[in-house]
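Take a look at the letters that make up each chain.
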Amino acid sequence: MFDLSSDSSSDAFMNIRLIHPLLIGNEFMSPPIALSEEAQNDYDIICRYAIKQGWIRWADFRLHLKNPSHAVVVTDPQQTILLASTGFERMTGYTPKFARGKKPKFLQGKDTEVEVRAMIREHIQKRIPVEGVLTNYRPDGEPYLCKVQIIPMFNKSYELVNFIALENEVFP
């Protein structure tokens, strides 16, 4: 479950499904996807946060949340984790609360691919989407392969406000 600041649940977001076209299923959206209650809660929280931040472009993360072991992570422009889905804990072994305030590199270790890290860093600096597969590590030191897609999110003034990462474990 996400850990949001107290102002994120203000009355301004109570009728969010009525005010944002992404959430009411207009022609810009693909057909509705049935999510578990937990995943729907993660989706709603990310959407409220995205509207609060003024995202002008939306990553298609709803389908990603359909798989309970996939993770969605939202960071600030400096790549500090602000939100992590419940799937993040299933995949990494770290709670979203533990991850909040840290940079995603805390998941990396001795065998994390240097070339992929460099590519991701370059794309983030250029503020363009990037995708790669990294070796990350769980709290007990167990390595796992993680496919990550990182997408920059901008507001109406075209200011970078967040990155959203869609992550899933891949098996060799």
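Residues numbered from 1 in each chain as written. Predicted model: local features only at pLDDT ≥ 70, side-chain atom pairs only at ≥ 80, totals over all residues. Heavy atoms only, no water.

Quick word on the pattern of salt bridges
What the rule picks out here adds up to 6 salt bridges. The partner of Lys 126 in a salt bridge is Glu 122, with the nearest N and O atoms 3.0 Å apart. Residue Lys 126 and its partner Glu 122 are located together in helix H7 (residues 114-126), separated by 4 residues, close to a single helical turn. What makes Lys 126 exposed here is its relative accessible area of 52%. Three or more residues joined by partner-sharing salt bridges are found here, namely Arg 138, Glu 142 and Glu 169. (Salt bridge = Lys/Arg side-chain N within 4 Å of Asp/Glu carboxyl O. Helix = DSSP H or I, 4+ residues; strand = E, 2+ residues; numbered from the N terminus. Buried < 20%, exposed > 50% of the residue type's maximum accessible area, 1.4 Å probe, protein only.)

A few points about helix H3 (residues 37-53)
The terminal C-alpha atoms of H3 lie 24 Å apart, and with 17 residues this matches the ideal 24 Å at 1.5 Å per residue to within 8%. For H3, the full list of buried residues reads Ala 39, Gln 40, Asp 42, Tyr 43, Asp 44, Ile 45, Ile 46, Cys 47, Tyr 49 and Ala 50. Just downstream of H3, Gly 54 is the residue with a positive phi angle, here 80°. (Expected span 1.5 Å × (residues − 1).)

Details of the sheet that holds strand S3 (residues 130-137)
Across the sheet, which stays open at both edges, the 5 strands sit in the order S2-S1-S5-S4-S3 with antiparallel pairing between neighbours. Every interior strand has two partners, whereas the edge strands, strand S2 (81-84) and S3, have only one. Here the average twist between neighbouring strands, direction ignored, is 30°. Summarising the sheet, strand S1 (residues 71-75) and S2 pair through 3 bridges and their orientation is antiparallel. Across the sheet, the residue bridging to Thr 75 is Ile 81, located in S2. Relative to strand S5 (residues 160-170), H3 is tilted by about 155°, and along the sheet it contacts S1, S2 and S5. With respect to the sheet, H7 is in contact with S3, strand S4 (143-154) and S5, its orientation differing from that of S3 by roughly 135°. (Pairing = 2+ DSSP bridges. Axes fitted to C-alpha atoms, helices over the stretch in contact; angles between N-to-C directions. Contact = heavy atoms within 4.5 Å.)

A short note on the environment of Ala 59
For Ala 59, the location among the structural elements is in the loop between H3 and helix H4 (62-66). According to the relative accessible area criterion, Ala 59 is buried, its value standing at 9%. Sequence-wise, Ala 59 and Ile 164 are 105 residues apart; in three dimensions their C-alpha atoms are separated by 7.5 Å. Setting aside residues no more than four positions away along its own chain, Ala 59 makes contact with Ile 151, Met 153 and Ile 164.

Quick word on the layout of surface pockets
Its boundaries defined by the atoms lining it, the largest pocket holds a volume of some 520 Å³. Among the secondary structure elements, those contributing two or more residues to the lining of the largest pocket are S1, H7, S3, S4 and S5. Per-element tally for the lining of the largest pocket: the top contributor is H7, with 5 residues. Considering only residue class, the lining of the largest pocket consists of 12 nonpolar, 5 polar and 5 charged. (1 Å grid on protein atoms, 1.4 Å probe; cavity = no way out; pocket = protein on both sides within 12 Å on 5 of 7 lines; lining within 4 Å. Points joined across faces, edges and corners; volume = space filled by probe spheres on them. Nonpolar A, V, L, I, M, F, W, Y, C, P; charged D, E, K, R; others polar.)

Here we look at the confidence of the model for the protein chain
In low-pLDDT regions, the fine details of the predicted coordinates are not to be read closely. With 81% of its residues at a pLDDT of 70 or more, the protein chain shows a mean pLDDT of 83. Residue range residues 1-29 is modelled with pLDDT below 50. Its contacts to residues more than four positions away, or to other chains, number 51 contacts. (pLDDT = per-residue confidence, 0-100.)

Quick word on unusual backbone geometry
Backbone geometry at Gln 79 places phi at a positive 70°, although glycine is not the residue there. Counting through the fold element by element, Gln 79 comes out in the loop between S1 and S2. The partly exposed category is assigned to Gln 79, whose relative accessible area is 25%. Here Arg 127, not a glycine, exhibits a phi torsion of approximately 65°, which is positive. Locating Arg 127 in the fold gives a position in the loop between H7 and S3.

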